[in-house]
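Listed below are the residues making up each chain.
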Amino acid sequence: MNKKFAVPRGTSDILPDAVSLWEELESRARRILKTYGYREIRTPIYEDINLFKRSLGQTSDVVNKQLLELASGKEDEGYALRPEGTASIVRSYIENSLDGKESLSKLFYLGPMFRGERPQRVRFRQFHQIGVEAIGPNSTCSYLDAEVIALAMHLLKDLGVQEPKLKINSLGSKEDKTTISSWLRGEFVKHKKDLCEECQSRFDRNVFRVLDCKNESCCKVVKVVLGTDLVLPLSPESKQYFQKVQAVLKDSGICFEVSPQLVRGLDYYTHTVFEITAEKLGSQDAVGAGGRYGALVHELGGHENVGGVGFALGIERILLASGQITSMPSGLDVFVIAMKEEYQPQAFLLLQQLREAGISADMSFSGGSMKSQMGRADKTQAHFALILGEEEIKNNTVALKDMRASQQEILPQANIVEVIKNRLK
Ligand code: HAM
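Residues numbered from 1 in each chain as written. Predicted model: local features only at pLDDT ≥ 70, side-chain atom pairs only at ≥ 80, totals over all residues. Heavy atoms only, no water.

K.L.:
Break down the site of the ligand for me, citing the residues and quoting the values.
P.N.:
Surveying the vicinity of the ligand reveals 27 residues, the closest of which are E84, R115, E117, R264 and Y269. Within the side chain of E117, an N or O atom sits 2.8 Å from a nitrogen atom of the ligand. A distance of 3.1 Å separates a nitrogen atom of the ligand from a polar atom in the side chain of Y268. Here the ligand loses 95% of its free accessible area of 660 Å² to cover by the protein chains. (Near = heavy atom within 4 Å. Polar contact = N/O pair within 3.5 Å; in protein donor to acceptor, adjacent residues only side chain to side chain. Areas by Shrake-Rupley, 256 points an atom, 1.4 Å probe, with all protein chains shown as cover.)

Dropping the structure here:
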């Protein structure tokens, strides 16, 4: 036997039965996203590798360990499959000068992302995200942060995720992050020997990641440095901004927990960050996450006053965490049956006429007995079976069987497409 191929590790096929579930999820999501004024954007699945290195941060796990690079064959060129959407959307925003066209661009995207992770139950190498980015000049506004968070929660609830839990935090402005970073470094250096190997190696370049390290000894150091309530020393303006975000969320009836250790794994965040978990996924795996990125647009060559905020939800994780979403039955409208091989040309003509009229239809090209063809009509969940037998061919008629009502009648062939169209209304 010839060797069979298997799907690459960490990826999976989405077979037709599951696709109808995905279609239902995507169409519900699109409807909600549009009610919040977001418009869809589609960008390539690969980009210049330096776009990801510059935006997500050289020390982030995604850039350090998980970028799936493409061989370009040229020394000065390098590409990588996109590990997330934000960098590509900001690249496109700048390249297409969207800031000159609208004061706020509310964009959403749906599609595959790629990370070279060690595959686990809810960690894949190819996974899919639904994401939004709201980007614009002078758009740093606590209402926009709250709207984006409210939208993420709305989507998850509508898509059947039970009791999603929201954690939020603030990393402060870009200036706060610089001040806090050097202060934290100064403090952590006093306890360097108590930090785990990974934190010792990363605290020079991304000291914030020490704050969410799960290692017991690192947690103790963090408590010594920040105090037991672990609050970051934000500037009064950043504190006030974060309090306003919390007030808007409270007024909108959105439950949340402030989690001072939530720092996120990507470098571009400033001010508000958030993460949403769902019970069925286990405590460490988020169903979605996001936050504000005040300096990213400028760092990628755009104008200094342009900021953004957004999130991404993992579709595979939504499906795992949701108990409720079900797909609509997607049966055919008509299954055409030719009772003898010589009736097939007439049957094929009718089949094409039905399809051209927008009626979904199919037939068995390999023929077979009436019983086996009716069996196939059942399997396709067809609403009608349109049968051509000897009498029908002779009289230019068809037998039309309503499979749901189990009723059959003989009708003229001439206007059968119109008749079926009216009955399907
Ligand atoms: P992220 O936290 O890296 O953020 O990913 C967002 C979501 O994508 C996660 O919460 C999870 O549901 C899903 N996800 C991530 N990696 C995997 C994986 N290997 N397998 C399955 N699902 C996964 C971002 O991607 C940011 N771009 C979010 C954002 C948008 N921030 C601002 N705007």
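There is more to say after this.
K.L.:
Mind laying out unusual backbone geometry, listing which residues take part and the relevant values?
P.N.:
Among all residues except glycine, the phi angle is most often negative; among peptide bonds, the trans geometry is most common. Backbone geometry places S97, a non-glycine residue, at a positive phi of 45°. As for its placement among the helices and strands, S97 is situated in the loop between α4 (86–95) and β5 (105–114). The class of S97 is partly exposed, set by a relative accessible area of 39%. Notably, N138 is not glycine yet its phi reads approximately 45°, a positive angle. Mapped onto the fold, N138 is located in the loop between β6 (126–137) and α5 (142–158). (Helix = DSSP H or I, 4+ residues; strand = E, 2+ residues; numbered from the N terminus. Buried < 20%, exposed > 50% of the residue type's maximum accessible area, 1.4 Å probe, protein only.)

K.L.:
Can you lay out the pairing of strand β15 (residues 397–402) for me, pointing to particular residues and giving the numbers?
P.N.:
When you tally the buried positions in β15, you get five out of six residues, the bulk of the element. Bridge count for strand β14 (residues 384–388) against β15 is four bridges, and the pairing is antiparallel. The residue of β15 that forms the bridge with I387 is A399. Across six bridges, the pairing between β15 and strand β16 (residues 407–412) is antiparallel. Bridging from a neighbouring strand, V398 pairs with L411 of β16. A loop of four residues connects β15 with β16, the two strands running antiparallel in sequence, and S406 in this loop sits at a positive phi of about 55°. (Pairing = 2+ DSSP bridges.)

K.L.:
I'd like a rundown of the packing of α5 against helix α9 (residues 236–251), residues and numbers included.
P.N.:
Contact geometry for α5 and α9: axes closest at 9 Å, N-to-C directions at 45°. Between α5 and α9, the interaxial angle falls into the category oblique. Between α5 and α9 the crossing geometry is right-handed. Along its contact with α5, which presents S142, Y143, D145, A146 and I149, the element α9 presents Y241, K244, V245, V248 and L249. Partitioned by chemical class, the residues of the contact of α5 with α9 number seven nonpolar, one polar and two charged. (Axes fitted to C-alpha atoms, helices over the stretch in contact; angles between N-to-C directions. Parallel < 35°, antiparallel > 145°, perpendicular 65-115°, else oblique. Left-handed = near helix turned anticlockwise from the far one by under 90°. Contact = heavy atoms within 4.5 Å. Nonpolar A, V, L, I, M, F, W, Y, C, P; charged D, E, K, R; others polar.)

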